[in-house]
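# Descriptive analysis of the structure
Residues per chain, in single letters:
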Amino acid sequence: MSPILSIKNLRKAYADGFEALKGVSLDIEEGEIIALLGPNGAGKTTLISTICGITMPTSGTVTVAGHDILTDYRAARSLIGLVPQEIALEPFEKVINTVRFSRGLFGKPRKDGVAEDILKRLSLWDKRDSQIRALSGGMKRRVLIAKALAHEPRVLFLDEPTAGVDVELRKDMWQIVEQLRADGVTTVLTTHYIEEAEAIADRIGVINNGEILLVEDKEKLMGRMGKKQLYVQLATHLTAIPPELAEYDLTLGNDGWTLIYGYDTNSERTGITKLLTDVAAVGLQLVDVETRQSSLEDIFVSLVKVDAEDAA
Amino acid sequence: MNWSAIRAIYVFEMARFFRTLAQSVISPVLSTSLYFVVFGAAIGSRIDEVEGVSYGAFIVPGLVMLTVMTQAISNASFGIYFPKFIGTIYELLSAPINFLEIVMGYVGAAATKSLFIGIIILITSFLFVDIQIAHPFAMVMFLVLTCISFALFGFIIGIWAGNFEQLQLVPLLIVTPLVFLGGSFYSVSMLPPVWQTISMFNPVVYLISGFRWAFFGVADVPIGLSLLAIAGFTGLCLTAVGWIFKTGWRIRQ
């Protein structure tokens, strides 16, 4: 199946020369939830803005269900819904009218059933005749989502949907995204909360300095997190792994003072006992033993750090 | 053509007009009534006639034009500037619409509002003075064209403006003086020769003169020139809008 969203070598340089996107390529499959993780200023919002038509790409192509976002923008954009990061709403408009406005803007005939369904789902139906300025911050965020869904898009972009949102509303948002997935809506969300990506995404992309550093299934990433490392500190300094220990796929760390052994906590046998016995058999004396577990946060931080070092 | 989007923008903008109907209608009606009292009754009683028309009636076309021009500009400029200011412009930019449709929605609504107010002013003036319209068709044409062209001009100002100060700058510093000096309250022929010549560089003179001709059949400048002026101004605004459309100036980075 061809991807619903295909980004190829997308670049964006602003007039002042700042390069916000440096050749981003990414395919997104229909129905998946992908989280783009990255620090502030990584290019997450620029990426979304470019796909949605708010900024113009410098080069590269983006297609939505095969429609190019520049040459076939009407077809492409009508498939996309965007929830921006900042709350931007006409304060004096009524909730129901602003949702109808959004639907009309995207070229769809008025359908009250759709608006009602969306508002009910977002717990906004009771507030439909309220002016937006009378709503709380959390409610306003829901209105933004309602507007983005008003034309029944197939791809939904959520730009930091839970920034500055309380725990309860955050959980609600996740639930909404989960429901949308059941309807077959593809969701792309940006976040810098790792737990958010862990909670709802199928795939996780890490973006920094305008580049995608990694895109991987969450399960695989979690698998990596399930891996632990055993650090064996030695009394003697090694220049190479002794051939007797070759089967363990060890690495030398700390300039030869430490043996590092990776193992999977989920497997039946971790091999630790045998390793340590063999290490003693080779005649190496142990000073200390330590285990470490990598989390998504570690993976993220190390990726971003390596990237920063490369840039320097 | 995404007609649904044009309608959505139009309805949205008109809704704002009706939300603030009292201030949208009462303030122009009140200020026009004041003009009638001051210029028509108080001063006008000392000036019997201008080019065969009673002074009270003579200022009606100018007053309608004055209101229509300022209303068209302020409504259109505010209409497009406000989404930029509060950030809701993101929705216009991400929607499957082109710039022409955005312009038609906003300019159409602003032109409608100013036409509506213009008609109210006209009706108000009937309460004060007795006027007859010599060329009704031309009158309507001039009124509608002025509404559209000045709404276009206002739209351009709204796109250009980076803050509220700039939004007020052009209407306040350029348009109001041009309209006041454009013969709203007098005939250009009443001016000293030097000022008559200078007035010929004021585009508003041609518009008011043409509009007045539609009422009374008398004009400061030939009616053909007036038509040319309004057509030229509309063309200029359309060209500017077309250029903005092509370059994405101040809208899309």
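Going by the structure above, here's the rest.
Residues numbered from 1 in each chain as written. Chains lettered and ligands numbered in written order. Predicted model: local features only at pLDDT ≥ 70, side-chain atom pairs only at ≥ 80, totals over all residues. Heavy atoms only, no water.

## Here we look at the overall build of chain A
When you go through chain A residue by residue, the secondary structure sums to 10 helices and 14 strands. On C-alpha atoms alone, chain A measures out to a radius of gyration of 25 Å, which is more than a quarter above the 20 Å that the 2.2 N^0.38 rule sets for 312 residues. The principal-axis extents of the C-alpha atoms in chain A amount to approximately 80 × 40 × 35 Å. Out of the 312 residues belonging to chain A, those deemed buried represent 46%. Put simply, of all contacts in chain A between residues at least 6 apart along the chain, 69% involve residues at least 24 apart. In the structure as shown, chain A presents an accessible area of about 14600 Å², 49% of it carried by carbon and sulfur atoms. Each charge class in chain A was averaged separately, 36 positive and 46 negative side chains, and the resulting centres sit 9 Å apart. (Helix = DSSP H or I, 4+ residues; strand = E, 2+ residues; numbered from the N terminus. Rg over C-alpha atoms; globule rule 2.2 N^0.38 Å. Buried < 20%, exposed > 50% of the residue type's maximum accessible area, 1.4 Å probe, protein only. Contact = heavy atoms within 4.5 Å. Areas by Shrake-Rupley, 256 points an atom, 1.4 Å probe, with all protein chains shown as cover. Lys, Arg positive; Asp, Glu negative; His and termini not counted. Charge placed at Lys NZ, Arg CZ, Asp CG, Glu CD.)

## A short note on the sheet that holds strand 14 (residues 286-293) of chain A
Residues and elements named next belong to chain A. Taken together, the four strands give an open sheet; going across it, the order is 12-13-11-14, and neighbouring strands pair in antiparallel fashion. The strands lining the two open edges of the sheet, one partner per strand, are strand 12 (251-253) and strand 14. The mean inter-strand angle of the sheet, taken between neighbouring strand axes irrespective of direction, is 30°. Here strand 12 runs beside strand 13 (residues 258-264); their pairing, made up of three bridges, is antiparallel. Each residue of the ladder has a partner; that of glycine 253, found in strand 13, is threonine 258. (Pairing = 2+ DSSP bridges. Axes fitted to C-alpha atoms, helices over the stretch in contact; angles between N-to-C directions.)

## Thoughts on the interface of chain A and chain B
How big an interface is tends to be stated in terms of the accessible area lost upon association of its parts. Between chain A and chain B, the contact holds 29 residues from the first and 24 residues from the second. For the pair chain A and chain B, the two sides together bury roughly 2500 Å², of which 58% comes from carbon and sulfur. At the junction of chain A with chain B, the criterion picks out four salt bridges. Where A:Glu90 meets B:Arg19, a salt bridge forms, and the shortest distance between an N and an O atom there is 3.6 Å. (Buried area = accessible area lost by both parts, 1.4 Å probe. Salt bridge = Lys/Arg side-chain N within 4 Å of Asp/Glu carboxyl O.)

## Comments concerning the pairing of strand 1 (residues 5-13) of chain A
All names here are of chain A. As defined by bridge partners, strand 1 adjoins strand 2 (residues 19-28) across seven bridges and the pair is classed as antiparallel. Among the inter-strand pairings, isoleucine 7 is bridged to a residue of strand 2, identified as leucine 26. Where strand 1 folds back onto strand 2 in an antiparallel hairpin, the turn is made up of five residues, including glycine 17, whose phi is positive at roughly 95°. Examined bridge by bridge, strand 1 and strand 4 (residues 59-64) share five bridges and lie antiparallel to one another. Bridge pairing in strand 4 links lysine 8 to threonine 61.

## Examining the pairing of strand 3 (residues 33-37) of chain A
All names here are of chain A. Counting buried residues along strand 3, five of its five residues qualify, which places the element largely inside the surrounding structure. Pairing of strand 3 with strand 8 (residues 186-191) involves five bridges; the strand directions are parallel. Residue pairing across strands places isoleucine 33 opposite threonine 187, the latter belonging to strand 8. Pairing of strand 3 with strand 9 (residues 203-208) involves four bridges; the strand directions are parallel. Within strand 9, the position partnered with leucine 37 by the bridge is valine 206.

## Concerning the nonpolar core
The biggest cluster of nonpolar side chains holds 148 residues, and the ones touching the most others in it are A:Leu5, A:Ile7, A:Leu47, A:Leu105, A:Phe157, B:Leu92 and B:Phe155. Sort the elements by how many residues they give to this core and helix 3 (residues 55-86) of chain B lands first, with 15 residues. Contacts of A:Leu105, omitting those with residues within four sequence positions, involve B:Asn2, B:Ala5, B:Ala8, B:Ile9, B:Glu91, B:Leu92, B:Ala95, B:Pro96 and B:Ile97. (Core = buried A, V, L, I, M, F, W, Y, C linked by side-chain atoms within 4.5 Å.)

## What to know about the packing of helix 3 of chain B against helix 5 (residues 99-128) of chain B
Residue and element names in this part refer to chain B. Relative to each other, helix 3 and helix 5 sit at 150°, their axes nearing to 8 Å. The angle between helix 3 and helix 5 places the two elements in the roughly antiparallel class. Two packed elements cross with a definite hand, and for helix 3 against helix 5 that hand is right-handed. Between helix 3 and helix 5, the residues in contact are Val60, Val64, Thr67, Val68, Gln71, Ala72, Asn75, Ala76, Gly79, Ile80 and Pro83 and Ile102, Tyr106, Ala110, Lys113, Ser114, Ile117, Gly118, Ile121, Leu122 and Ser125, respectively. A class-by-class count of the residues in the contact of helix 3 with helix 5 yields 13 nonpolar, seven polar and one charged. (Parallel < 35°, antiparallel > 145°, perpendicular 65-115°, else oblique. Left-handed = near helix turned anticlockwise from the far one by under 90°. Nonpolar A, V, L, I, M, F, W, Y, C, P; charged D, E, K, R; others polar.)

## Digging into the state of the cysteines
All names here are of chain B. Inspection of the entire model under this criterion finds zero disulfides over all chains. Here cysteine 237 stays unpaired: no disulfide links it, and the sulfur of cysteine 147, its closest cysteine neighbor, is 13 Å away. For cysteine 237, a relative accessible area of 3% corresponds to the buried category. (Disulfide = S-S within 2.5 Å.)

## Some details on the side chain of A:Glu93
Within the element layout of this structure, A:Glu93 appears in the loop between strand 6 (80-83) and helix 3 (95-105). Note on A:Glu93: relative accessible area 4%, which makes it buried. Those residues in contact with A:Glu93, other than ones at most four positions away along the chain, are A:Thr98, A:Ser130, A:Gln131, A:Ile132, B:Phe12 and B:Arg19.

## Let's talk about helix 4 (residues 112-121) of chain A
Every α-helical turn comprises 3.6 residues, leaving residues that sit three or four positions apart pointing alike. All names here are of chain A. Taken together, the buried positions of helix 4 are Val114, Ala115, Ile118 and Leu119. Within helix 4, the buried residues cover an arc of 125° as seen down the axis, which keeps them to one side. Where helix 4 is buried, its residues contact helix 3 and helix 5 (137-149). Among the residues trailing helix 4, serine 123 stands out with phi positive, at a value near 55°. (Arc of directions from axis to C-beta.)

Geometry only, nothing functional implied.
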